[in-house]
Amino acid sequence: MESTNKTIGFIGLGIMGIPMAKNLIKSTFNLIVYNRTHSKTKELAKLGASVAKSPAEVASQSNYIITMLTDSPDVEQVILGTNGVIEGINENTVVIDMSTISPEITQTINEQLVAKNCALLDAPVSGGSWGAVEGTLSIMVGGEKSKFDECLPLFNAMGKNIIHTGPSGMGQTTKLVNQILVSGTMNAVAEALVFAAKAGADLEKTIQAVGGGAAASWQLNTLGPKLIAGDFEPGFMVKLQQKDLRLVIETAQKLNVSIPGTALVSQLFASLLARDLGDEGTQALVKAHENLSGVEARVN
Ligand code: NAP
């Protein structure tokens, strides 16, 4: 794919979408963007992107279309709804949904696009807003392998670890595996730091000591220092983590598989939503453990 003669539509300019779109522009792709809240398109327009008034208008002018939206109903609405992508799409267009949504709904959207002689790749990401800015996201992709190969130059502009994991929906399934792992690890970090605080340990030195050994993790080494500093700014918001755990639990029920650890972590995140903390970063999970043990895991 020659970057300069292909137009990429980009829909959904949130925490992740803006830096991902910027990296495509950096790799010299032509971009046409749409965002429900129009003001968020300004930054991209300044960098040379065209701005469309609807997803259908994006589709009518694009060879490839990327969506980076919140949840399954949002992706359904933007692709299949009124003024949606499907109303403007040209034959042979590949739609790449990089949001985290249901594997099952992904498959139904794929079927509708295939009926229009188009295709859907589900390509959710891991690596947080930092990975989106640096262009180092892990991208797990489901869908036709030939379409995956065709889209590799786009993926390479946004990520580093890019794996085709199977047919339509399998990218989303892989992402749910990722979410079991990251939420469980975040829970262990929060619980461990509350334990350390109650024991009177030096929290910075504790992270330094255990973060260099077998207990090292991205959650401990990157989010741990933020958490003890009282920095709860989101890379990844609690409400989005809880949305993903809902998808994990729904999928586990369909698969008839037991996921007791994830169910527990989901209940702890639910306690944060009950306290109106959904817009904080996932490191705020420590507040649930602090509440249980009556101690704050904070420096200063
Ligand atoms: P975000 O900042 O909340 O952005 C969501 C975007 O979707 C916004 O542009 C929003 O438009 C748009 N949107 C939502 N519903 C819509 C609808 N019905 N119609 C049109 N536009 C709609 O979220 P984010 O952090 O970028 O996350 C996006 C996706 O990536 C989510 O599925 C998330 O789970 C996944 N993800 C996030 C991270 C992370 O660290 N943040 C990491 C990996 C994966 P408005 O601006 O108008 O609200």
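Look above for the structure.
Conventions used here
Every chain is numbered independently, its residues counted from 1 as its sequence is written. The model is predicted, so local features are restricted to residues of pLDDT at least 70 and side-chain atom pairs to those at 80 or more, both for listing and for counting; the totals for chains, interfaces and linings are taken over all residues. The side-chain values count all of the structure's non-hydrogen atoms but skip hydrogen atoms and water molecules. The aromatic pairing rule takes the rings of Phe, Tyr and Trp, using the six-membered ring of Trp, and pairs them if the centres are within 6.5 Å, calling planes under 30 degrees apart stacked, those over 60 edge-to-face and the rest tilted. Charges are assigned to positions over rings by a cutoff of 6 Å between ring centre and Lys NZ or Arg CZ, combined with an angular limit of 35 degrees from the ring normal. Only buried residues count toward a nonpolar core. Its members are Ala, Val, Leu, Ile, Met, Phe, Trp, Tyr and Cys residues joined through side-chain atoms within 4.5 Å. Any residue under 20% of the maximum accessible area for its type is buried, any over 50% is exposed, and the rest in between are partly exposed; the area is computed with a 1.4 Å probe on protein chains only. The numbering of helices and of strands both runs from the N terminus, where a helix is a DSSP run of H or I of at least 4 residues and a strand a run of E of at least 2. Whether two residues are in contact is decided by their heavy atoms, any of which lying within 4.5 Å being enough. We define a salt bridge as a side-chain nitrogen of Lys or Arg found within 4 Å of a carboxyl oxygen belonging to Asp or Glu. Residues are called lining when one of their atoms sits within 4 Å of a cavity or pocket point, these points coming from a 1 Å grid over the protein atoms alone, where a cavity is a set in which a 1.4 Å probe fits but cannot get out and a pocket is an open set with protein on both sides within 12 Å along at least five of seven lines. Grid points are joined across faces, edges and corners, and a volume is the space filled by probe spheres set on the points. Note on residue categories: nonpolar means Ala, Val, Leu, Ile, Met, Phe, Trp, Tyr, Cys or Pro, charged means Asp, Glu, Lys or Arg, and polar means any other residue, Gly included. As used throughout, domain bounds are those supplied by an automatic or database domain assignment. Any residue with at least one heavy atom within 4 Å of a molecule or strand is counted as near it. Residues adjacent in sequence count toward polar contacts only when both atoms are side-chain atoms; beyond that, a polar contact is any pair of N or O atoms within 3.5 Å, and within protein one must be able to donate a hydrogen and the other to accept it. Surface accessibility in these figures is a Shrake-Rupley result with a 1.4 Å probe; residues are shielded only by whichever protein chains are displayed. Any molecule with more than half of its atoms within 2 Å of a cavity's or pocket's grid points is regarded as sitting in that cavity or pocket. Pairing between strands is defined by DSSP: at least two bridges between them are needed. Here, the term right-handed applies to a crossover whose path from the first strand over the helix to the second runs clockwise when the strands point away from the viewer.

Draft legend 1. Just the packing of aromatic side chains, in detail. Considering all chains together, one arrives at two aromatic pairs under this definition. Directly above the ring of Phe232 sits Lys287, whose terminal nitrogen or CZ lies 4.2 Å from the centroid.

Draft legend 2. Fine view of the nonpolar core. Core analysis: the biggest nonpolar cluster contains 34 residues, and Phe10, Met20, Leu24, Leu31, Ile96, Met98 and Phe155 have the highest contact counts within it. When contributions to this core are tallied by element, the ones reaching two or more residues are β1 (7-11), α1 (17-26), β2 (30-34), β4 (64-67), β5 (94-97), β8 (137-142) and α8 (145-158). Here Phe155 is in contact with Ile96, Met98, Leu121, Ala123, Ile139, Val141, Phe148 and Ile162, once residues within four sequence places are set aside. Residues Val194, Leu203, Leu247 and Ala284 belong to the second largest nonpolar core, which totals 32 residues.

Draft legend 3. Molecular detail of the pattern of salt bridges. All told, the structure shown has twelve salt bridges when counted by the stated rule. Where Asp149 meets Lys145, a salt bridge forms, and the shortest distance between an N and an O atom there is 3.0 Å. Placement of the pair is Asp149 and Lys145 together in helix α8, with a separation of four residues, close to one helical turn. Under the relative-accessibility criterion, Asp149 is labelled partly exposed at 37%. With relative accessibility at 44%, the residue Lys145 sits in the partly exposed group. A salt bridge links Glu296 to Arg298, with the shortest nitrogen-to-oxygen separation between them at 3.9 Å. Sharing partners across several salt bridges, the network here consists of Asp71, Arg246 and Glu250.

Draft legend 4. Geometry of the side chain of Arg298. With respect to the helices and strands, Arg298 occurs in the segment after α14 (286-293). Residues within four places of Arg298 in sequence aside, it is in contact with Leu203, Leu227, Ile228, Ala229, Gly230, Phe232, Val286 and Glu290.

Draft legend 5. Fine view of the layout of surface pockets. By volume, the largest pocket is sized at about 1200 Å³. In this structure, the largest pocket is lined by 49 residues; those nearest its centre are Met16, Met68, Leu69, Thr70 and Leu240. Those elements giving two or more residues to the lining of the largest pocket turn out to be α4 (72-80), β7 (125-126), α7 (128-134), α9 (170-198), α11 (218-228) and α12 (238-255). For the lining of the largest pocket, the element with the most residues is α9, which contributes six residues. Grouping the amino acids of the lining of the largest pocket by side-chain chemistry returns 19 nonpolar, 23 polar and seven charged. In terms of domain composition, the lining of the largest pocket takes at least three residues from each of domain 1 (7-167) and domain 2 (174-293).

Draft legend 6. Summary view of unusual backbone geometry. Positive phi, close to 60°, is recorded for Asn256, a residue that is not glycine. Mapped onto the elements of the fold, Asn256 is located in the loop between α12 and α13 (260-274). Positioned with a positive phi, Asp276 is a non-glycine residue whose angle comes to about 65°. Relative to the helices and strands, Asp276 resides in the loop between α13 and α14.

Draft legend 7. Structural view of the site of the ligand. Surveying the vicinity of the ligand reveals 27 residues, the closest of which are Ile15, Asn35, Thr37, Lys40 and Thr70. Here an oxygen atom of the ligand sits 2.8 Å away from a polar atom, N or O, in the main chain of Ile15. Taking Lys40, its side chain carries an N or O atom lying 2.5 Å from an oxygen atom of the ligand. Starting from 910 Å² of accessible surface for the ligand in isolation, the protein chains cover 91%. Applying the majority rule of atoms within 2 Å of the grid points places the ligand in the largest pocket. Contributions of two or more residues to the shell around the ligand are made by α4, α7 and α12. The residue makeup of the shell around the ligand includes at least three contributed by each of domain 1 (7-167) and domain 2 (174-293).

Draft legend 8. Region of interest: the pairing of strand β9 (residues 159-166). Both β8 and β9 contribute to a ladder of six bridges, which runs parallel. Bridge pairing in β9 places Met140 opposite Ile163. Between the parallel elements β8 and β9, the chain passes through α8 in a crossover that is right-handed.

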